[in-house]
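Chain residues, written in single-letter form:
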Amino acid sequence: MARTYQIRTYGCQMNTHDSERLAGLLDEAGYQRAPEGESPDVVVFNTCAVRENAADRLYGNLGHLLPHKKDGMQIAVGGCLAQMERTKITQRAPWVDVVYGTHNMASLPALLERARERGEAQVEFEETLETFPSLLPARRQSAYSAWVAISVGCNNTCTFCIVPSLRGKEKDRRPGDILDEVRGLADDGVLEVTLLGQNVNSYGAEFGDHLAFGKLLRACGEIDGLERVRFTSPHPRDFTQDVIEAMAETPNVMPSLHMPLQSGSDPMLKAMRRAYRRDRYLSILDNVRAAIPDAAITTDIIVGFPGETEQDFGQTLDLVRQARFAGAFTFRYSIRPGTPAATMSGQVPADVVQERYDRLTALVEEITWAENQKLTGATVEVLVAEGEGRKDSATHRMSGRARDNRLVHFAPHESTPRPGDIVTVKVTRGAPHYLLADEPPLHVRRTRAADQSAAGSPAPAPAPAPVAPAPVLLGMPRRA
């Protein structure tokens with residue numbers, strides 16, 4: 001019988017996209033995805049190094065699997081934490097069979113086979129990208145929504161971020177390759193794609209076209225059947241008016257924008273090497289809202305960066321009040337070994353960081369609640385999704401995302417929408433983190449993607465055909 005596998009994914013959208021490729025590689029190599037609740041023959045950890053205590057979490061999970069080794073289970077560890085820890089993983093957890101880096105995940109099936117044949121751990125790292133992820137086979141998690149990586153790596157030098165050293169310098173895919181992939185997804189019934197890159201709006205710098213990202217958005221607008229285009233994450237330094245115009249003038253580019261802030265204090269932004277200041281950031285928001293009045297803007301904010309004073313933190317609170325974000329991912333700063341910030345003076349005491357964090361999250365919730373309440377009575381179009389509403393079974397609701405990416409929980413009543421269908425609902429009230437629609441849907445539109453979703457998980461997608469060599473290296477993780 002075929003060996004079975006399970007992939008455990010931690011971290012950002014980039015890791016989720018990578019895990020779809022890992023699943024495709026294992027499928028192609030003859031493995032089968034393990035049924036829910038059954039112990040797999042192979043467990044793959046696709047790790048993240050951004051979160052606090054990421055290493056402790058990994059080693060704890062590895063320890064839990066040790067008793068299964070007697071049954072012949074193989075364990076593989078890849079992703080950013082593997083790239084950072086390298087041989088430390090097999091030193092601390094010698095029962096791990098395979099460790100591989102961010103640049104050579106295509107080697108996973110061969111490494112698993114070699115570990116079985118030789119009876120010893122296989123540890124392999126490439127210093128440059130071996131194969132761009134989108135050239136690998138994939139098993140998509142969704143029939144109606146897909147990730148598309150447009151670049152890999154990052155050229156920024158933010159002092160708090162470990163990712164560039166783990167993913168390498170930015171490498172851009174050719175526009176034609178990206179659009180071919182998007183067209184193929186649309187032909188398969190996918191309604192929504194999210195363009196991925198560590199800094200999507202620097203796309204094109206490698207091949208000398210600084211307007212390439214705006215052009216790419218406009219080209220996505222010409223693809224038949226593609227209803228929603230999103231992207232993450234841009235960097236304020238590189239965010240230009242042509243991208244705003246492309247968003248406003250391309251109907252299937254959604255009115256949502258995730259624009260990382262990190263701090264509202266100019267001295268903190270300088271210490272973080274963010275290459276923009278608060279006035280520049282606020283001007284971007286003004287320009288976006290002038291062109292796209294219904295845009296929902298979300299952000300990332302770090303609290304307690306080294307040297308942050310109460311005045312610096314007050315500047316962040318002030319900017320949040322001005323920006324009126326639709327949502328914010330808030331983080332307590334914690335030391336990441338290997339980053340410049342790790343050795344900076346002025347590390348803020350943990351109790352001070354926590355107190356500031358609590359004030360910030362309270363303010364964000366107050367604002368997001370007020371902004372969501374403004375939508376009471378509005379009509380919104382929702383792409384029904386699976387897994388968005390954790391309490392749906394108890395509340396007898398279904399869930400999905402509006403065009404502006406707000407989470408909507410709605411009552412289906414006598415209608416029978418499926419994941420991948422489009423429903424039009426009237427918002428009855430807003431909550432801090434979502435909208436509620438308790439009246440019957442105004443309209444349910446059946447889609448081919450929902451037909452496929454109802455029939456089961458998407459079949460493994462074949463790898464795209466190799467392309468001819470080009471001057472631009474085919475060449476991804478989260479937060480810019």
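As shown above, the structure is provided for reference.
Computed from a predicted model, the values in this text were never measured in an experiment.

### A word on the side chain of serine 263
On the secondary structure map, serine 263 appears in the loop between β12 (256–258) and α10 (266–272). What makes serine 263 buried here is its relative accessible area of 0%. There is a polar contact of 3.1 Å between the side chain of serine 263 and the backbone nitrogen of serine 265. In this structure serine 263 touches Met268, Leu269, Met272 and Thr316, once residues within four positions along its chain are discounted.

### Digging into the sheet that holds strand β1 (residues 4–9)
With parallel pairing, six strands are arranged side by side in an open sheet as β2-β1-β3-β4-β5-β6. Lying at the two open borders of the sheet, with one neighbouring strand each, are β2 (32–33) and β6 (122–124). Inspection of the sheet shows β1 paired to β2 by two bridges, in the parallel sense. Bridge assignment links threonine 4 to a residue of β2, and that residue is glutamine 32.

### Details of the packing of helix α9 (residues 241–249) against helix α11 (residues 278–291)
Two packed helices can be described by the angle between their axes and the distance between those axes. One can describe the packing of α9 onto α11 by two numbers: an axis separation of 9 Å at closest approach and a directional angle of 25°. Comparing their axes, α11 and α9 come out roughly parallel. By crossing handedness, the relation of α9 to α11 is classed as right-handed. Contact with α9, carried on its side by Gln241, Ile244 and Ala248, involves Ile284, Asn287, Val288 and Ala291 of α11 and no other residues of that element.

### Observations concerning the sheet that holds strand β13 (residues 296–303)
Strand pairs in the sheet, formed through backbone hydrogen bonds, run parallel or antiparallel to each other. The strand order β12-β13-β14 describes an open sheet built from three strands, whose pairing is parallel. Single-partner strands in this sheet number two, and they are β12 and β14 (327–332). When the angles between neighbouring strand axes are averaged without regard to direction, this sheet yields 10°. Inspection of the sheet shows β12 paired to β13 by three bridges, in the parallel sense. Residue histidine 258 lies in a different strand from β13, and its bridge partner there is threonine 298.

### Quick look at the packing of α11 against helix α12 (residues 310–323)
The interhelical angle for the contact between α11 and α12, taken along N-to-C directions, is 10°, at an axis separation of 11 Å. Put simply, α11 runs roughly parallel to α12. Contacts from Arg278, Tyr281, Leu282, Leu285 and Arg289 of α11 reach α12 at Gln315, Asp318, Leu319, Gln322 and Ala323. Within the contact of α11 with α12, the residues separate by chemical class into five nonpolar, two polar and three charged.

### Section: the environment of leucine 81
You can see leucine 81 is positioned in helix α3 (residues 80–85). Classification of leucine 81 by relative accessible area gives buried; the value is 2%. In this structure, leucine 81 is in contact with Thr47, Cys48, Ala49, Ala54, Ala55, Leu58 and Arg86, ignoring residues within four places of it in sequence.

### What to know about the pattern of salt bridges
The full count for this structure, using the stated rule, is 29 salt bridges. A salt bridge links arginine 237 to aspartate 238, with the shortest nitrogen-to-oxygen separation between them at 3.0 Å. Overall, the relative accessible area of 36% leaves arginine 237 in the partly exposed class. A salt bridge links arginine 356 to glutamate 310; the shortest N-O distance between them is 3.5 Å.

### A short note on the nonpolar core
Counting 56 residues, the largest nonpolar core has Leu195, Phe213, Leu217, Phe231, Phe239 and Val288 as the members making the most contacts within it. Tallying contributions element by element places helix α13 (residues 350–373) first for this core, with six residues. With residues up to four places along the chain from it excluded, the contact list for phenylalanine 231 reads Thr194, Leu195, Val200, Phe213, Leu217, Phe239, Met247 and Leu257. Residues Tyr10, Ile89, Ala93 and Leu166 belong to the second largest nonpolar core, which totals 24 residues.

### A short note on the environment of aspartate 238
Considering the arrangement of structural elements, one finds aspartate 238 in the loop between β11 (228–232) and α9. With 85 residues separating them in the primary sequence, aspartate 238 and alanine 323 have C-alpha atoms 19 Å apart. Excluding residues that lie within four positions of it along the chain, aspartate 238 makes contacts with Asn199, Asn201 and Ser202.

The rules behind these values
Residues numbered from 1 in each chain as written. Predicted model: local features only at pLDDT ≥ 70, side-chain atom pairs only at ≥ 80, totals over all residues. Heavy atoms only, no water. Helix = DSSP H or I, 4+ residues; strand = E, 2+ residues; numbered from the N terminus. Buried < 20%, exposed > 50% of the residue type's maximum accessible area, 1.4 Å probe, protein only. Polar contact = N/O pair within 3.5 Å; in protein donor to acceptor, adjacent residues only side chain to side chain. Contact = heavy atoms within 4.5 Å. Pairing = 2+ DSSP bridges. Axes fitted to C-alpha atoms, helices over the stretch in contact; angles between N-to-C directions. Parallel < 35°, antiparallel > 145°, perpendicular 65-115°, else oblique. Left-handed = near helix turned anticlockwise from the far one by under 90°. Nonpolar A, V, L, I, M, F, W, Y, C, P; charged D, E, K, R; others polar. Salt bridge = Lys/Arg side-chain N within 4 Å of Asp/Glu carboxyl O. Core = buried A, V, L, I, M, F, W, Y, C linked by side-chain atoms within 4.5 Å.

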